[in-house]
Amino acid sequence: MSAAALSSLACPSDNLLSPDYTHWCERIGEQLHAQGAVLIAHYYTHPDVQQLAVDTGGIVSDSLEMAAFGRASQADTLIVAGVRFMGETAKILSPEKRVLMCDIEATCSLDLGCDPDEFAKFRARHPDRTVVVYANTSAAVKAQADWVVTSSIACELIEHLDARGEKILWAPDRYLGDYVRRNTGADMVLWDGSCIVHEEFKAEELAKMRNVFPNAEVLAHPESPPGVLAVADVVGSTSQLIRAAATRGADGYIVATERGIFYQMRRQLGPDIKLYEAPTAGDGGAACRSCARCPWMALNTLEALDRRLRSGGDEIEVPAEIAERARRSLERMLDFRNQVNPVA
Ligand code: 13P
Ligand code: SF4
């Protein structure tokens, strides 16, 4: 890509609230209240959905804090605006609550790429290893794991297990797994999965972009390829990247993750700090300049949320026996989170 094309990857202009946001907020807010429901949204959803979660007493956060918030919530109904594994996690941790997805078709390439039966065979080939799975998996895969983990605490957990002399079987994201392995030196065997959004970021183009914006720092989610992570100043989960942007004091940030994150970054940074999308095009790369858009997160719209609240449906159910086994590995993750970050 030329310098001019790279310069045009400024913060996407669609990271704003819709003009009719207030109308929707009142309409949906009433329904949430009437049904004793709370909205739990991920940072990759549309700004309207993120803001609505905050304005109605819910939360917008990374996947780890979504899980912790859902478990602690007193609400009878949790509405999850994110992808299916987040809804399943909420249901497993709070079986007594009704858990609805904004759109139950919202899934994740990591979850789709880790079939529970194939995973069972993989595990059987490595019986001596501690099984650690990323939260972006089905309940049936979590039920086979010793631990669930998110990118917020992946390095800390693997370091902890490595110090106890444990060898790890990791699934499904090979890029996150490889990043953790390089950072901890742990003995890890990796499943071969990836995120269709993050694997499109291009290291060479990113390096060129750094030269175009020498005062900007690079922030990358660890689901990105190793060449992208090598160029990054900060590698972290969505909440860690937002915190880094708010605290590092650079003139600008080039961000390698799903573009929904720009809404929170812009809110925290104000209008003067420059934000750029990391490039996804390049020689032999994707056709668009930046494809950093998760097609499943995009299903979470205000209209879908309104329909869900008025006509029901898209309720998450997890078979009891699977839920019981998956709960053990999820509870371990949350207990570990409390040890690592007791104030969170
Ligand atoms: P976080 O745990 O960082 O929120 O990431 C979830 C996710 O799906 C990243 O693509
Ligand atoms: Fe899954 Fe990637 Fe979408 Fe995150 S961005 S939900 S990892 S497909």
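Structure: see above.
One numbering rule holds for all chains: residues counted from 1, following each sequence as written. Each chain takes a letter, starting from A, and each ligand takes a number, starting from 1, following the order in which they are written. Note on the predicted model: pLDDT of at least 70 is required for a residue's local features to be given, and 80 or more for side-chain atom pairs to be given and counted; whole-chain, interface and lining totals, by contrast, use all residues. Calculated side-chain values reflect all of the structure's heavy atoms, with hydrogen atoms and water omitted.

> Help me get a handle on the pattern of salt bridges, residues and values and all.
One side chain can pair with another of opposite charge once the charged atoms of both are near each other. A carboxyl oxygen of Asp or Glu within 4 Å of a side-chain nitrogen of Lys or Arg is what we treat as a salt bridge. Enumeration according to the criterion identifies 19 salt bridges in this entry. Between D306 and R310 there is a salt bridge; the shortest N-O distance is 2.9 Å. Taken together, the residues D306 and R310, both in helix α15 (residues 302-311) and 4 residues apart, mark about one turn of the helix. We classify D306 as buried; its relative accessible area is 6%. The classification of residues rests on relative accessible area computed with a 1.4 Å probe and restricted to protein chains. Under 20% of the type maximum is buried, over 50% is exposed, and intermediate values are partly exposed. Judged by relative accessible area, which is 44%, R310 ranks as partly exposed. Counting from the N terminus, the helices are the DSSP runs of H or I reaching at least four residues and the strands are the DSSP runs of E reaching at least two.

> Let's hear about the site of ligand 1: which residues, and what values?
We call a residue near a molecule or strand when any one of its heavy atoms sits within 4 Å of it. Around ligand 1 lies a shell formed by H42, Y44, D62, S63, N136, S151, H198, H221, E223, S237 and T238. At 2.9 Å, a side-chain N or O of H221 approaches an oxygen atom of ligand 1. Against a free-state accessible area of 310 Å², the protein chains account for coverage of 96% of ligand 1. Throughout, the protein atoms alone are placed on a 1 Å grid, and a set of points is a cavity if a 1.4 Å probe fits but cannot get out or a pocket if it is open with protein on both sides within 12 Å along at least five of seven lines; lining residues have an atom within 4 Å of a point. A cavity or pocket is said to hold a molecule if more than half of that molecule's atoms lie within 2 Å of its grid points. At a threshold of 2 Å from the grid points, most atoms of ligand 1 map onto the largest cavity. Here a polar contact means two N or O atoms within 3.5 Å. Within protein one must be a hydrogen donor candidate and the other an acceptor candidate, and residues neighboring in sequence count only if both atoms are side-chain atoms. Surface accessibility in these figures is a Shrake-Rupley result with a 1.4 Å probe; residues are shielded only by whichever protein chains are displayed.

> Explain α15 residue by residue, including any values.
Residues L302, A304, L305, D306, R308 and L309 constitute the buried set of α15. Contact definition: two residues touch when any of their heavy atoms are within 4.5 Å. Its buried side turned inward, α15 meets α2 (21-34), β1 (37-42), α3 (47-55), β3 (77-81) and β4 (98-101). Phi turns positive one or two residues past the end of α15, at G312, with a value near 70°.

> Quick one: what's the story with the nonpolar core, residue by residue and with numbers?
Generally speaking, soluble globular proteins have nonpolar side chains that are buried together. Counting 84 residues, the largest nonpolar core has F119, V132 and W170 as the members making the most contacts within it. Ranked by residue count, the leading element in this core is helix α16 (residues 320-340), at 6 residues. Residues within four places of W170 in sequence aside, it is in contact with F122, V132, V149, A154, I158, L176, G177, M188, V189, L190 and W191. With 35 residues, the next largest nonpolar core counts W24, L219, I261 and F262 among its residues. Working definition of a nonpolar core: buried Ala, Val, Leu, Ile, Met, Phe, Trp, Tyr and Cys residues. They are joined through side-chain atoms within 4.5 Å.

> Pulling in residues and values, what's your account of the packing of aromatic side chains?
Aromatic ring pairs: the centre-centre distance and the angle between the two ring planes describe each pair. Side-chain rings of Phe, Tyr and Trp (the six-membered ring for Trp) are treated as a pair once their centres are within 6.5 Å; stacked means planes under 30 degrees apart, edge-to-face means over 60, and tilted covers the remaining angles. All chains considered together, the criterion is met by 6 aromatic pairs. Relative to F336, the ring of W147 has its centre 6.1 Å away and its plane inclined at 85°; by these criteria the two rings are edge-to-face. Residue W147 is located in strand β6 (residues 147-149), and its partner F336 is located in helix α16; the two are separated by 189 residues in the primary sequence. What makes W147 buried here is its relative accessible area of 8%. Within the aromatic cluster, the residues linked to one another by ring pairs are F119, F122 and W191. Lysine NZ or arginine CZ positioned within 6 Å of the ring centre and within 35 degrees of the ring normal marks a charge as sitting over the ring. Its end group placed over the ring of W147, R332 keeps NZ or CZ at 5.0 Å from the ring centre.

> Residue-level account of the sheet that holds β3, with values.
Strands qualify as paired when DSSP identifies two bridges or more between them. Pairing within the open sheet is parallel, and its 4 strands lie in the order β2-β1-β3-β4. The two strands at the open ends of the sheet, each matched to only one other strand, are β2 (59-61) and β4. Ignoring which end each strand starts from, the neighbouring axes of this sheet average 20° apart. Of the strand pairs in this sheet, β1 and β2 are connected by 3 bridges, and their pairing is parallel. If you follow I40 over to β2, its bridge partner there is I59. Axis lines are fitted through C-alpha atoms, for helices just across the contact stretch, and the angle between N-to-C directions can take any value from 0 to 180 degrees.

> Requested: an account of the site of ligand 2, with residues and values cited.
Contacts to ligand 2 come from Y44, V83, C108, S109, L110, N136, C195, V197, E223, C294 and W296. Of all the cavities here, the one that holds ligand 2 is the largest cavity. Residues are grouped as follows: Ala, Val, Leu, Ile, Met, Phe, Trp, Tyr, Cys and Pro are nonpolar; Asp, Glu, Lys and Arg are charged; every other residue, Gly included, is polar. Class assignment for the residues of the shell around ligand 2 results in 8 nonpolar, 2 polar and 1 charged.

> Can you lay out unusual backbone geometry for me, pointing to particular residues and giving the numbers?
With an omega of -10°, the peptide bond between A171 and P172 qualifies as cis. Within the element layout of this structure, P172 appears in the loop between β7 (168-171) and α10 (174-184).

> Pulling in residues and values, what's your account of the sheet that holds strand β5 (residues 130-134)?
The 4 strands are arranged β6-β5-β7-β8 in an open sheet whose pairing can be described as parallel. Looking along the sheet, the strands with just one partner apiece sit at the ends: β6 and β8 (188-190). Ignoring strand direction, the axes of neighbouring strands in this sheet form an average angle of 25°. Running over the sheet, helix α9 (residues 154-163) touches β5, β6, β7 and β8 and is turned about 150° from β6.

> Tell me about empty space enclosed by the protein, and name the residues and values.
Grid points are joined across faces, edges and corners, and a volume is the space filled by probe spheres set on the points. Throughout the structure, instances matching the rule amount to 2 cavities of 30 Å³ or more. Of the volumes computed, that of the largest cavity is approximately 260 Å³. As for the largest cavity, its lining consists of 26 residues, of which Y44, F85, N136, E223 and M297 are closest to the centre. Listed by contribution, the elements that provide at least two residues to the lining of the largest cavity are α5 (84-93) and α6 (109-112). Its residues assigned to classes, the lining of the largest cavity shows 13 nonpolar, 10 polar and 3 charged. Of the volumes computed, that of the second largest cavity is approximately 60 Å³. Looking at the second largest cavity, the residues that line it are S63, M66, A67, F85, M86, T89, A135, T150 and M333. For the lining of the second largest cavity, the secondary-structure elements that each account for two or more residues are α4 (63-72) and α5. Residues that form the lining of the second largest cavity fall into these classes: 6 nonpolar, 3 polar and no charged.

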